[in-house]
Amino acid sequence: MTQTQTTPPAAGPDFRSDNVGAAAPEIIAALARANADTATGYGGDTWSQALQTRFSEIFEAKVSVFAVATGTAANALSMAAITPSWGAAFCHERAHILTSEVNAAGFFSGGGLIVTVPGPHGKVDPAALDATIAAQGKGMMHRSQPASVNLVQATDLGAVYTVDEVRAVTEVAKRHGLKVHMDGARFANAVAHLGCSPADLTSRAGVDILSFGMTKNGGLLCDAIVVFDEAVARTIAWQIRRAGHVWSKGRFAAAQLLAYVEDDLWLRNARRSNALARRFDTGLRAIPGAGLWAPIEANEIFLRTDPRTMDALERAGIRFVRRSADMARFVCRFDGTEAEIDALLAALATGASHG
Ligand SMILES: Cc1ncc(COP(=O)(O)O)c(C=O)c1O
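Residues numbered from 1 in each chain as written. Predicted model: local features only at pLDDT ≥ 70, side-chain atom pairs only at ≥ 80, totals over all residues. Heavy atoms only, no water.

For the chain, the count of helices and strands is 14 helices and 11 strands. Relative to its length of 355 residues, the chain is compact, with a C-alpha radius of gyration of 20 Å against a globular reference of 20 Å. By principal-axis analysis of the C-alpha atoms, the chain measures approximately 60 × 55 × 40 Å. Counting over 355 residues, the chain shows a buried share of 54%. (Helix = DSSP H or I, 4+ residues; strand = E, 2+ residues; numbered from the N terminus. Rg over C-alpha atoms; globule rule 2.2 N^0.38 Å. Buried < 20%, exposed > 50% of the residue type's maximum accessible area, 1.4 Å probe, protein only.)

A few words on the sheet that holds strand S10 (residues 321–324). Strands in a sheet are paired, the pairing made by backbone hydrogen bonds, and the direction either parallel or antiparallel. In spatial order, the strands read S8-S9-S11-S10; together these 4 strands make up an open sheet with antiparallel pairing. The open sheet has two edge strands with one neighbour each: strand S8 (291–292) and S10. Set on the sheet, helix H12 (residues 265–284) makes contact with S8 and strand S9 (300–304); between it and S9 the angle comes to about 25°. Each of S10 and strand S11 (327–331) touches helix H13 (residues 307–315); the most contacted strand, S10, lies at about 170° to it. (Pairing = 2+ DSSP bridges. Contact = heavy atoms within 4.5 Å. Axes fitted to C-alpha atoms, helices over the stretch in contact; angles between N-to-C directions.)

Inspection of the entire model under this criterion finds 13 aromatic pairs. When the centroid spacing of 6.1 Å and the interplanar angle of 75° are considered together, the rings of phenylalanine 15 and phenylalanine 330 count as edge-to-face. A residue pair is termed long-range when its members are at least 10 positions apart, and phenylalanine 15 in the segment before helix H1 (25–34) and phenylalanine 330 in strand S11 qualify at 315 residues. In this structure, phenylalanine 15 and phenylalanine 330 share a single accessibility class: buried. Taken together, a centroid distance of 6.2 Å and an interplanar angle of 20° make the contact between phenylalanine 59 and phenylalanine 187 stacked. With phenylalanine 59 in the loop between helix H2 (46–58) and strand S1 (64–68) and phenylalanine 187 in helix H8 (residues 187–194), the pair connects residues that are 128 residues apart, well separated along the chain. Taken individually, phenylalanine 59 and phenylalanine 187 each receive the classification buried, so the pair is uniform in this respect. (Phe/Tyr/Trp six-rings, centres within 6.5 Å; stacked < 30°, edge-to-face > 60°.)

The next point concerns the domain arrangement of the chain. Segmenting the chain into domains produces domain 1 (18–22 + 266–354) and domain 2 (25–264). Contacts between the two partners involve 23 residues from domain 1, matched on the other side by 31 residues from domain 2. When domain 1 packs against domain 2, close to 2300 Å² is buried across both sides, 51% of that on carbon and sulfur atoms. Broken down residue by residue, the surface that domain 1 buries against domain 2 is led by Trp266, Arg268 and Glu297, which jointly contribute 35%. Seen at the junction of domain 1 and domain 2, the total is 2 salt bridges. Across the salt bridge formed by aspartate 18 and arginine 186, the nearest N and O atoms sit 2.8 Å from each other. Connecting domain 1 to domain 2 are 16 residue pairs in polar contact (both at pLDDT 80 or more). For the side of domain 1 that touches domain 2, the elements supplying multiple residues, two or more each, are H12, S9 and S11. The leading source of residues in the side of domain 1 that touches domain 2 is H12, at 8 residues. Of the residues in the side of domain 1 that touches domain 2, the class split is 12 nonpolar, 5 polar and 6 charged. (Domains from an automatic or database assignment. Buried area = accessible area lost by both parts, 1.4 Å probe. Salt bridge = Lys/Arg side-chain N within 4 Å of Asp/Glu carboxyl O. Polar contact = N/O pair within 3.5 Å; in protein donor to acceptor, adjacent residues only side chain to side chain. Nonpolar A, V, L, I, M, F, W, Y, C, P; charged D, E, K, R; others polar.)

What follows is about the site of the ligand. Taken together, the residues surrounding the ligand are Thr70, Gly71, Thr72, Asn75, His96, Glu101, Val152, Asp156, Asp183, Ala185, Arg186 and Lys216. Between the ligand and aspartate 183 there is a distance of 2.7 Å, counted from a nitrogen atom to a side-chain nitrogen or oxygen. For the ligand, whose free accessible area comes to 390 Å², the fraction covered by protein is 83%. At 3 residues, the largest contribution of residues to the shell around the ligand is made by helix H3 (residues 71–82). (Near = heavy atom within 4 Å. Areas by Shrake-Rupley, 256 points an atom, 1.4 Å probe, with all protein chains shown as cover.)

Orientation of H2 relative to helix H11 (residues 250–261), taken along the N-to-C sense of each, is 30°, at an axis distance of 8 Å. Regarding the angle of H2 to H11, the classification is roughly parallel. In terms of crossing hand, the pair formed by H2 and H11 is left-handed. Contact residues: H2 offers Trp47, Ser48, Ala50, Leu51, Arg54, Phe55 and Ile58, while H11 offers Gly250, Arg251, Ala254, Ala255, Leu257, Leu258 and Val261. Taken together, the residues of the contact of H2 with H11 sort by class into 10 nonpolar, 2 polar and 2 charged. (Parallel < 35°, antiparallel > 145°, perpendicular 65-115°, else oblique. Left-handed = near helix turned anticlockwise from the far one by under 90°.)

If you look at the biggest cluster of nonpolar residues, it comprises 60 residues, and the most contacted ones within it are Phe55, Phe59, Phe212 and Trp266. Three or more residues apiece are contributed to this core by two domains, here domain 1 (18–22 + 266–354) and domain 2 (25–264). Apart from residues lying up to four places away in sequence, tryptophan 266 is in contact with Ile58, Phe187, Ala188, Val191, Pro198, Phe212, Asn217, Tyr260 and Val261. (Core = buried A, V, L, I, M, F, W, Y, C linked by side-chain atoms within 4.5 Å.)

Roughly 40° is the biggest bend found in helix H10 (residues 230–242), and it falls at isoleucine 236. Among the residues of H10, those classed as buried are Val232, Ala233, Ile236, Gln239 and Ile240. Where the residues of H10 are buried, they touch S1, H3, helix H5 (104–108), strand S5 (179–183), strand S6 (209–211) and strand S7 (223–227). Regarding H10, its N-cap is aspartate 229, as a side-chain oxygen of that residue lies 2.9 Å from the backbone nitrogen of alanine 231 further along. With its phi angle positive at about 85°, glycine 244 sits one or two positions after the end of H10. (Bend = angle between axes of the 7 residues up to and from the residue.)

Here's what the structure looks like:
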């Protein structure tokens, strides 16, 4: 089994992923607090109950929250909840559910087809979505039936959909009778970037179900599905249970999620990693010839570069992911430092000029 090629794990600034970072101390402390006395299993505990209330406050409406183990599980089970086995799910051609999850969404839906849509900076283009859905053959006996749309926020190229951009996509989806899932692996970074309310970016913009994201932004071992659509909320629990994502000691999952949103920890962490990415962005402007695949709007940087520059960065001890011969990915972490950014910029300035 191979993974995307990453630079060797020698000591040095580490931009390989936000997954390489720590778990937030607040979350570790919350786990220790939950580790006392007995508690009902399978989500019947007080932490899991409190989660429903707390997330309903955050999203300014009654929502149903389900703690699952990973972002992949959140995506696959969300997509399966809004895509029947004969359905077609539409997503951007770089979307994580397509490129990196072994078609878990198709598997858990029992056979759902994934259909790709182009668009700049990893964003689904509404007009292209409209045309792609129309071409899928609604009502035709021989074609998978249009069912759902997946948006990634922030996108797989590090850009952020504005509220209006989300709405433009969901309007097309609704016009065709489709439900909408948002992969929010970096939802906190998007909310922090826009400074908007979580509700404006999701339910009020037409999103039916959200993978909330947590691990990359200071979580330990947990993610969450937030369901806005009541009909979906009524049935999704059985699919989640069948997939093995109802935690028997559910209090430890809920305690992580509660700590994550307590005192806006999720947004404070995201602001930190976003600020590091912005520092890089500012520094990059002074380096001649350096380019980006998409504007830096969250905590990821996709550098338009070449193998010689990547070699030079590696020689300088910078750790990152080589996505292709002309794309290098750097991810800023909530626990990253300005010194790491400055080291990257310095290595880039030297490497870029001397090859
Ligand atoms: C956009 C996006 N969605 C989903 C995931 C999946 O998250 P996990 O690694 O927790 O399964 C990732 C992880 O890299 C991601 O970048």
